[in-house]
Amino acid sequence: MSNPDGLLVDIAAMVESERSNQMPLTVVVPGAVITGRLAPESLWNERVAEVLAASEHLKPFAALFSEPATGDDVAPPVSRPTHLHLHVARILQGSYGLPHTGGMYRIAIADISSWTVGDLSYSDQ
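Draft legend 1. Region of the structure containing unusual backbone geometry. Look at the link from leucine 98 to proline 99: it is a cis peptide, with omega at -15°. Mapped onto the elements, proline 99 comes out in strand 4 (residues 96–108). Here valine 88, not a glycine, exhibits a phi torsion of approximately 50°, which is positive. As for its placement among the helices and strands, valine 88 is situated in strand 3 (residues 83–93). For valine 88, a relative accessible area of 36% gives the class partly exposed.

Written out as structure tokens, the structure is:
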């Protein structure tokens, strides 16, 4: 999508400003349908850093996701989101969601061709 959907950008901005991680969203990107919950980038980075820090082999990468200490309480300038940050997210493949337990995905809003509010899931019933 060369022109990101303004409504989707507004939703992402609201999630960022309210630090909410409960907004379920399903997006279509080239080659995949991904479903999960939107999270603010700072919370998403924090969780990724925790996962990496817990791994002996990946621990050095955790610093890339940690917020730099500024020493000031000045908030950075507000900009429009360019990416969505999903947690408890799954790539839908046939009747399966991968990974089964959910993962952390960062998706460029410009790559999203369609989306819907809600978390798609499958049932064996």
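Moving on, there is more to tell.
Draft legend 2. Structural context of the pattern of salt bridges. Applying the stated criterion to the full structure yields 4 salt bridges. Of the charged contacts in the structure, one is a salt bridge between aspartate 10 and arginine 80, with a shortest N-O distance of 2.3 Å. Highlighted residues: aspartate 10 in helix 1 (residues 6–18) and arginine 80 in the loop between helix 2 (41–53) and strand 3, separated in sequence by 70 residues. Judged by relative accessible area, which is 47%, arginine 80 ranks as partly exposed.

Draft legend 3. Region of interest: a nonpolar patch on the surface. Together, Leu58, Phe61 and Leu64 line one region of the surface with nonpolar side chains, adding up to about 320 Å² of accessible area. With a relative accessible area of 66%, leucine 64 lands in the exposed category.

Draft legend 4. Geometry of the nonpolar core. Counting residues in each nonpolar core, the largest one holds 18 residues, and the members touching the most others are Val27, Val29, Ile34, Leu38, Leu84, Ile107 and Ile112. For this core, the secondary-structure elements that each account for two or more residues are helix 1, strand 1 (24–29), strand 2 (32–38), strand 3 and strand 4. If one sorts the elements of this core by residue count, helix 1 sits on top with 5 residues. Those residues in contact with leucine 38, other than ones at most four positions away along the chain, are Ile11, Val15, Ser20, Asn21, Gln22, Met23, Leu25, Leu84, His85, Leu86 and His87.

Draft legend 5. Examining the sheet that holds strand 3 more closely. The 5 strands lie next to each other as 4-3-2-1-5, forming an open sheet whose pairing is antiparallel. Each of the sheet's edge strands pairs with one partner strand only, and the pair in question is strand 4 and strand 5 (114–117). Strand after strand, the sheet turns through a mean of 30° between neighbouring axes, direction not considered. As judged from the 6 bridges shared by strand 1 and strand 2, these two strands associate in the antiparallel manner. For valine 29, the partnering residue across the bridge sits in strand 2 and is alanine 32. Running at roughly 125° to strand 4, helix 2 makes contact with strand 3 and strand 4 of the sheet.

Draft legend 6. The arrangement of helix 1 in detail. Taking 1.5 Å per residue as the helical rise, helix 1 with its 13 residues ought to reach 18 Å, and the 18 Å between its terminal C-alpha atoms agrees with that figure. Taken as a whole, helix 1 has its buried residues at Leu8, Val9, Ile11, Ala12, Ala13 and Val15. Where helix 1 is buried, its residues contact strand 1, strand 2, strand 3 and strand 5. At the N-terminal end of helix 1, a side-chain oxygen is found 2.8 Å from the backbone nitrogen of leucine 7, two or three residues along, and the residue is aspartate 5. Where helix 1 terminates, the next one or two residues include arginine 19, which has phi positive at roughly 55°.

Basis of the calculations
Residues numbered from 1 in each chain as written. Predicted model: local features only at pLDDT ≥ 70, side-chain atom pairs only at ≥ 80, totals over all residues. Heavy atoms only, no water. Helix = DSSP H or I, 4+ residues; strand = E, 2+ residues; numbered from the N terminus. Buried < 20%, exposed > 50% of the residue type's maximum accessible area, 1.4 Å probe, protein only. Salt bridge = Lys/Arg side-chain N within 4 Å of Asp/Glu carboxyl O. Patch = residues over 30% accessible without salt bridge, like charges linked within 9 Å, V, L, I, M, F, W, Y side chains within 5 Å. Areas by Shrake-Rupley, 256 points an atom, 1.4 Å probe, with all protein chains shown as cover. Core = buried A, V, L, I, M, F, W, Y, C linked by side-chain atoms within 4.5 Å. Contact = heavy atoms within 4.5 Å. Pairing = 2+ DSSP bridges. Axes fitted to C-alpha atoms, helices over the stretch in contact; angles between N-to-C directions. Expected span 1.5 Å × (residues − 1). Polar contact = N/O pair within 3.5 Å; in protein donor to acceptor, adjacent residues only side chain to side chain.

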